[in-house]
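The lines below spell out each chain.
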Amino acid sequence: MLNVQQILKLFLENFQITDFYEIKENRISAIQKFLDEIDASQYNYFTSIKYREYFKEINTNISLFIDFFYHFGLLLRNFQKKEICLKYSSEIDEMIVFINSLPVNESYNKELDFKKRKDILVRITPAIEAGDFDLFWNFFSMFDVYCSIAKGIKLNNLIFPEFNVENSFTIENFYHLDLNNAVKNTLDIKDKNTFVFTGANMSGKSTAMKSISTIVLLAHLGVAVPARYCSIPFYDRIFLYFSVNDNLKEGYSHFAQEIVNVKNVLLELQSRNCFVVFDEIFSGTNINDASQITVSTVNGLSKFKNSLFIFSTHLNLIENHLAENENVLLLNLECRLENNDLLFTYKLKEGWSRLEIGKLLFDQYGLNELLNS
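Scope of this entry: the structure provided in the associated data block. Everything numeric in this text was worked out from a predicted model, so none of it was measured. (Residues numbered from 1 in each chain as written. Predicted model: local features only at pLDDT ≥ 70, side-chain atom pairs only at ≥ 80, totals over all residues. Heavy atoms only, no water.)

1. Side note on the overall build of the chain
Line of reasoning, step 1. Within the chain, the regular secondary structure consists of 14 helices and 10 strands.
Line of reasoning, step 2. For the chain, whose C-alpha radius of gyration is 29 Å, the value lies well above the compact-globule estimate of 21 Å for 373 residues.
Line of reasoning, step 3. In terms of overall dimensions, the chain has a C-alpha envelope of 85 × 55 × 45 Å along the principal axes.
Line of reasoning, step 4. When burial is assessed residue by residue, the chain has 45% of its 373 residues classed as buried. (Helix = DSSP H or I, 4+ residues; strand = E, 2+ residues; numbered from the N terminus. Rg over C-alpha atoms; globule rule 2.2 N^0.38 Å. Buried < 20%, exposed > 50% of the residue type's maximum accessible area, 1.4 Å probe, protein only.)

Put into structure tokens, the structure is as follows:
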């Protein structure tokens, strides 16, 4: 995770080089196919006469091979390596040595006759048989991934998170990457490990929860995050339960699947610190059952102090039961009713939202009129 962070920082420091790096997938596929099918013995004067199209294709692929490895080798040689990434810098040096061993630099931008092209095929055949190109393509694939992620970080102005041992959870001005002009929110929590989101439909509960979840997930992958600042604990396991459905394959109903999900989390919590999100937990059962077991679940999970839990619920009956728990933080996305119109600010507020808008929306969409017509 931290190693990935350092590698991405290295790519960002070399952004002036990687920003202009681009190679089309069809060219890579053509070169890989060419290497897989090379048979130097078939490249002879007889095939050049009898199988002209095949011979022409081989010549084209030799040119693609030279051009690609020459320019990629040049990019690697210009790449500014840092001591903070010794292992990855060593991998780059190994790839430079490998590319330099190929008949590329002396062949680039040169007129190649039959004998020289034949010599290229003969010289690269041992490297193919030794699996050296397999190692190169593994490196190249990850290099391409790091390049793409670094460009995304630069484009979206993301920041690298920090991990703390104080068990504090702070993300400032966080937002959802998929939203244009997203409203930014802040969480700065040091003494609680359970967040319960309430609020009207469309107020932004799920979006806020997904924003937080995305940041935690990206942070644990070593990737920069959409926030101004981020300092969170390290979690051994991450569970994200959004839009839980029934499981026909296992024969579980919606509610049974929710029960299984909670049990799986509890089993992991016996030995690991976890980050867990339950969006509208226990919505698959009646309101009385849901209320009782939601309180039991929230209070029970909140005892695992080194883990963090996020819930959302519409069960207003349980507010007082959860408010008594010192490990629980009640949050809502602000929504106001003004002149019978709904106003959503998408700003996080502490406390329980008591605004119920289901009947209002039912009326506003004309369902009463249609049903009674």
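2. Description of the nonpolar core
Line of reasoning, step 1. Formed by 81 residues in total, the largest nonpolar core has its most connected members in Phe65, Phe69, Phe143 and Phe169.
Line of reasoning, step 2. Setting aside its immediate chain neighbours within four residues, Phe143 contacts Phe11, Tyr21, Phe72, Leu75, Leu76, Phe79 and Tyr88.
Line of reasoning, step 3. Core analysis: the next-biggest nonpolar cluster, separate from the first, contains 23 residues, Val196, Tyr241, Val262 and Val328 among them. (Core = buried A, V, L, I, M, F, W, Y, C linked by side-chain atoms within 4.5 Å. Contact = heavy atoms within 4.5 Å.)

3. Details of the sheet that holds strand 3 (residues 185-189)
Line of reasoning, step 1. If you walk across this open sheet you meet the four strands as 1-5-2-3, and the pairing is mixed. Strands at the two margins of the open sheet, each flanked by one partner only, are strand 1 (162-163) and strand 3.
Line of reasoning, step 2. Both strand 2 (residues 169-174) and strand 3 contribute to a ladder of four bridges, which runs antiparallel. Within strand 3, the position partnered with Phe169 by the bridge is Ile189. (Pairing = 2+ DSSP bridges.)

4. Overview of unusual backbone geometry
Line of reasoning, step 1. With phi around 55°, Asn157 is a residue other than glycine that occupies positive phi space.
Line of reasoning, step 2. Within the secondary structure, Asn157 sits in the loop between helix 8 (132-156) and strand 1.
Line of reasoning, step 3. Positioned with a positive phi, Glu280 is a non-glycine residue whose angle comes to about 50°.

5. Here's the deal with the side chain of Thr345
Line of reasoning, step 1. Among the structural elements, Thr345 can be located in strand 10 (residues 341-350).
Line of reasoning, step 2. A polar contact is formed between the side chain of Thr345 and the side chain of Glu334, at a distance of 2.8 Å.
Line of reasoning, step 3. Ignoring sequence-local partners within four residues, the contact set of Thr345 consists of Val183, Glu334 and Arg336. (Polar contact = N/O pair within 3.5 Å; in protein donor to acceptor, adjacent residues only side chain to side chain.)

6. Quick word on the sheet that holds strand 9 (residues 328-338)
Line of reasoning, step 1. Pairing is mixed in the open sheet, where six strands are placed in the order 6-7-8-4-9-10. Of all the strands in the sheet, just strand 6 (237-241) and strand 10 have a single pairing partner and so form its edges. Each strand of the sheet is rotated relative to its neighbour by a mean of 10°, with strand direction disregarded.
Line of reasoning, step 2. By the bridge criterion, five bridges tie strand 6 to strand 7 (residues 274-278) in an arrangement that is parallel. Pairing of Ile238 across the sheet is with Phe275, part of strand 7.
Line of reasoning, step 3. Contacts from helix 10 (residues 254-269) reach strand 6, strand 7 and strand 8 (308-312), with the element oriented near 165° to strand 6.
Line of reasoning, step 4. The sheet contacts of helix 11 (residues 287-301) involve strand 4 (194-198), strand 7, strand 8 and strand 9, and relative to strand 8 the element is tilted by about 160°. (Axes fitted to C-alpha atoms, helices over the stretch in contact; angles between N-to-C directions.)

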